[in-house]
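# Understanding the architecture of this molecule
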Amino acid sequence: MSKPVFEGSAVAIVTPFNEKGVDFVKLEKMVEFHIKNKTDAIVVCGSTGEASTMPDEEHLATIKCVIDAVNHRIPVIAGTGSNDTRHGVELTKAAAKMGADAVLLVTPYYNKCTPEGLVRHYAEHAANCDCPIILYNVPSRTNVNISAKVLERLADYDNIVGIKECNFGQVPDILSVCGDRYSLYSGEDALAVPLASLGGKGVISVAANILPEFVSTMMHAALNGDFKTASKMQVELVPLINSMFFEVNPIPVKTALNILGLDVGPCRLPLCEMTPALAEKMTDIINTYDISAIKNYFA
């Protein structure tokens, strides 16, 4: 098995916007907050980071900002996936050159592809970049599934090291076919501890934007075999997790961060502001947790 890129909790960090574009000063401050509060890795320019609305220059500048701010203290995983293989390869090569510790590659969306096309898509990335690659399987967004058979075919590429998995029904098949060839990461906050019980290495988390230390502590309890503590914390986190998906991610989490005083700006169209009634309900839920760390840091 390849050495995991990280173990524990990686925050799928939001991208703060202002009237000029990305608020790089705020992004740097968010990085420091996460390092101080025990986040184990940062995923930049993923779905939660609204990478699909960012032109390449801005996309890569945002990745570089996080890499520079982290300065090798924890791993940085750069979202460089695309539904255009050539485009994705160029983004991946650029992120690797900047010093990303790994890249996160979502399955091709909209144009979709066959299993054979999926194998070739990822093989092209692996052949053109030495950077560790984590595959991102999220059929609810892409309508493409990375099956166990596809993963078995990709196992010969040493730099494809992990999977951010959102299709949990197939995890037993993946383990049966691939064993411990890949590090498995939960792409669903609510199922992070259950995946760890099957050998998962961590979670790429939306909720960690708000409660980074809680999520990290939960995951390390699970990784250390203390499933009594981890399971209790997982259940405690459920209301917050559910509120983060009252509407399409990252609308709720960005709304929550703005309410908490971070001033991360709006989502970019076609995402828009959160329904006021749902925002109020989400705020009530968030206020049942100890949010003093984030409120004090960004006061």
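Structure: see above.
Residues numbered from 1 in each chain as written. Predicted model: local features only at pLDDT ≥ 70, side-chain atom pairs only at ≥ 80, totals over all residues. Heavy atoms only, no water.

What follows covers the packing of aromatic side chains. On inspection of all chains with the given rule, the structure shows four aromatic pairs. Seen in terms of ring centroids, F33 and Y297 are 5.4 Å apart; in terms of plane orientation they differ by 50°. Their pairing is tilted. Placement of F33 in helix α1 (residues 24-36) and of Y297 in helix α13 (residues 292-297) is noted, with a sequence separation of 264 residues between them. Centroid distance Y297 to F298: 5.0 Å. Interplanar angle 65°. Geometry classified as edge-to-face. Its relative accessible area of 24% is what places Y297 among the partly exposed residues. Grouping aromatic residues by their ring pairs yields a cluster made of F33, Y297 and F298. The aromatic ring of Y136 is capped on one face by K164, whose charged end is 4.0 Å from the ring centroid. Above the face of the Y182 ring, R181 is positioned so that its terminal group lies 4.6 Å from the ring centre. (Phe/Tyr/Trp six-rings, centres within 6.5 Å; stacked < 30°, edge-to-face > 60°. Helix = DSSP H or I, 4+ residues; strand = E, 2+ residues; numbered from the N terminus. Buried < 20%, exposed > 50% of the residue type's maximum accessible area, 1.4 Å probe, protein only. Lys NZ or Arg CZ within 6 Å of the ring centre and 35° of its normal.)

What follows deals with the nonpolar core. By size, the foremost hydrophobic cluster in this structure holds 89 residues, and its most contacted members are I210, L240, M244 and I286. Ranked by residue count, the leading element in this core is helix α2 (residues 56-70), at seven residues. Those residues in contact with I286, other than ones at most four positions away along the chain, are I210, L240, M244, A256, L260 and I291. In terms of nonpolar packing, the next biggest core, distinct from the first, is built from 17 residues, F6, A10, I134 and Y136 among them. (Core = buried A, V, L, I, M, F, W, Y, C linked by side-chain atoms within 4.5 Å. Contact = heavy atoms within 4.5 Å.)

Look at any regular strand and the pattern is simple: side chains alternate between the two faces of the sheet. Burial of strand β10 (residues 202-205) is two-sided: the residues G202 and I204 facing one way and the residues V203 and S205 facing the other way are all buried. Sheet topology note: the strand β1 (residues 8-12)/β10 ladder contains four bridges and is parallel. Residue pairing in the sheet places S9 in a bridge with V203 of β10. In this sheet, β10 lies alongside strand β9 (residues 183-186) in parallel orientation, the contact comprising two bridges. Counted as the bridge partner of Y185 is G202 from β10. In this region the chain leaves β9, passes through helix α8 (residues 192-197) and returns to the parallel neighbour β10; the handedness of that crossover is right-handed. (Pairing = 2+ DSSP bridges. Right-handed = clockwise from strand over helix to strand, strands pointing away.)

Fair warning: the whole summary comes from geometry, so function is off the table for now.
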